Amino acid sequence: MKRVIFVNILILLTFAGISYWSEEKERLEAAISGQAKEQPAKAAGNEEGEDTKEQGQDTEEEKEAEPSSGTEEPKKDYIKWVDFDVSKFALAEAYEYDRDSYGTPEHLSWIDLLAYTAAYTGGNFNNNQTVCQHMDHLKEQISQGEELEKIVRDLEYFSYYQEAYGAVLGGMVGEYEIEVPTGDKKKPKTWEKRYGLKAFHPIARGFPYNDYDDFGTSRSYGYKRNHLGHDMLGQIGTPIIAVESGYVEALGWNQYGGWRIGIRSFDKKRYYYYAHLRQGFPYQPELKEGSVVLAGDVIGYMGHTGYSTTEDTNNIDETHLHFGMQLIFDESQKDGDNEIWIDCYQLTSFLYRNQSEAARNDETKEWRRIYLMKDPAAEAYERTADYSMYP
């Protein structure tokens, strides 16, 4: 009898596994082909809600004004949906191998390690042991002289995850220079060239905060929607840090996000959104749309503005930073109903290892980073932007 029950259980587990991978296959194929349900950004809770036309639709006048070519344009092939469920553990494991193996024949980018693992797990990173097994297997193959291109040639969905994770993490690791303390009073800082994590945590070092994974929770101001960002609760005036180098694409008041800053990465694949900034003095005075910022710069200050059509109003119950990241594979996804916002909780937890230190100017009451940085990705932009924070 026990043997019969055991066999039945094995049969059930087998069918359950087949069902799971069948569903995963359908979901990934839908994401790649664009048939997946697309994230209703304005109707589902982008804190930046009113920055674009209602529901992202063109007005009738604009539609009439658009010339008709008489033929339909071919549909563009780009990713329509991304579930970024990579754990802090997996991010750390992949990053540390990337950093430590840089410059050697065994080097692998953390994006490739994560994509390889995701291709086997369907993007599930909940089991640390499974994550390590897949990563170690790829490392072993590379160490034996095998080429990545050949290893993944028949690995279904590797290219999808490589592009998707590249869009999330592409600007966060690389070569850069940064000032470091010397311990010498005559020359307290010196420049050091590095390869590694050049993205920063959004909260300055030494400032306390609390958070939890609140992505997708309900919001009701204005209309019922889901929360498409990550809230980090702290103190009024806490310095807010640019996670990645880029340029200011949006700046000013929004009735949902209050005072907010939107920063676009130089490759235009990421849009970082910092909202509910401080009343009266929300961000650095020299910032304007088009300003270039470097990863680690102090860009603004935590507050609780927003949920009001009246500018500079505190109408949020708790002081916090709303931090969001939008992925953009095609410019049509930037504003409207097809926006892709990802869960940043695990990513910000990982970035905690790299916090920018800041010091206060008592005269201006501004906070500025202590250790400057040179980011190769920003060099051309710094030279051409005369209003850059650090020309």
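The coordinates are above.
So, here's what we can say about the structure. Note that the coordinates shown come from a computational prediction; the quantities given were computed from them, not determined experimentally.

## Quick look at helix α6 (residues 128-143)
Next up, step 1: For α6, which comprises 16 residues, the first-to-last C-alpha distance of 22 Å matches the rise-based estimate of 22 Å (1.5 Å per residue) to within 8%.
Next up, step 2: All buried positions along α6 are accounted for by Val131, His134, Met135, Leu138, Lys139, Gln141 and Ile142. Taken around the axis of α6, the buried residues stretch over an arc of 165 degrees, which confines them to a single face.
Next up, step 3: At the N-terminal boundary of α6, the capping side chain belongs to Asn127, with an oxygen 3.0 Å from the backbone nitrogen of Gln129.
Next up, step 4: One or two positions beyond α6, positive phi appears at Gly145, with a value near 95 degrees.

## Notes on the pairing of strand β6 (residues 230-233)
Next up, step 1: Sheet topology note: the strand β3 (residues 210-211)/β6 ladder contains two bridges and is antiparallel. Its bridge partner lying in β6, Asp211 is registered against Met232.
Next up, step 2: Both β6 and strand β13 (residues 320-327) contribute to a ladder of four bridges, which runs antiparallel. Looking at β13, one finds that Asp231 is bridged to His322.

## Topic: the sheet that holds strand β2 (residues 189-197)
Next up, step 1: Across the sheet, three strands lie side by side as β2-β1-β17; this open sheet has antiparallel pairing. The outermost strands of the open sheet, each flanked by one partner alone, are β2 and β17 (373-374).
Next up, step 2: Docked against the sheet, helix α4 (residues 88-101) engages β1 (173-181) and β2, running at close to 120 degrees with respect to β2.

So, how was this worked out
Residues numbered from 1 in each chain as written. Predicted model: local features only at pLDDT ≥ 70, side-chain atom pairs only at ≥ 80, totals over all residues. Heavy atoms only, no water. Helix = DSSP H or I, 4+ residues; strand = E, 2+ residues; numbered from the N terminus. Expected span 1.5 Å × (residues − 1). Buried < 20%, exposed > 50% of the residue type's maximum accessible area, 1.4 Å probe, protein only. Arc of directions from axis to C-beta. Polar contact = N/O pair within 3.5 Å; in protein donor to acceptor, adjacent residues only side chain to side chain. Pairing = 2+ DSSP bridges. Contact = heavy atoms within 4.5 Å. Axes fitted to C-alpha atoms, helices over the stretch in contact; angles between N-to-C directions.

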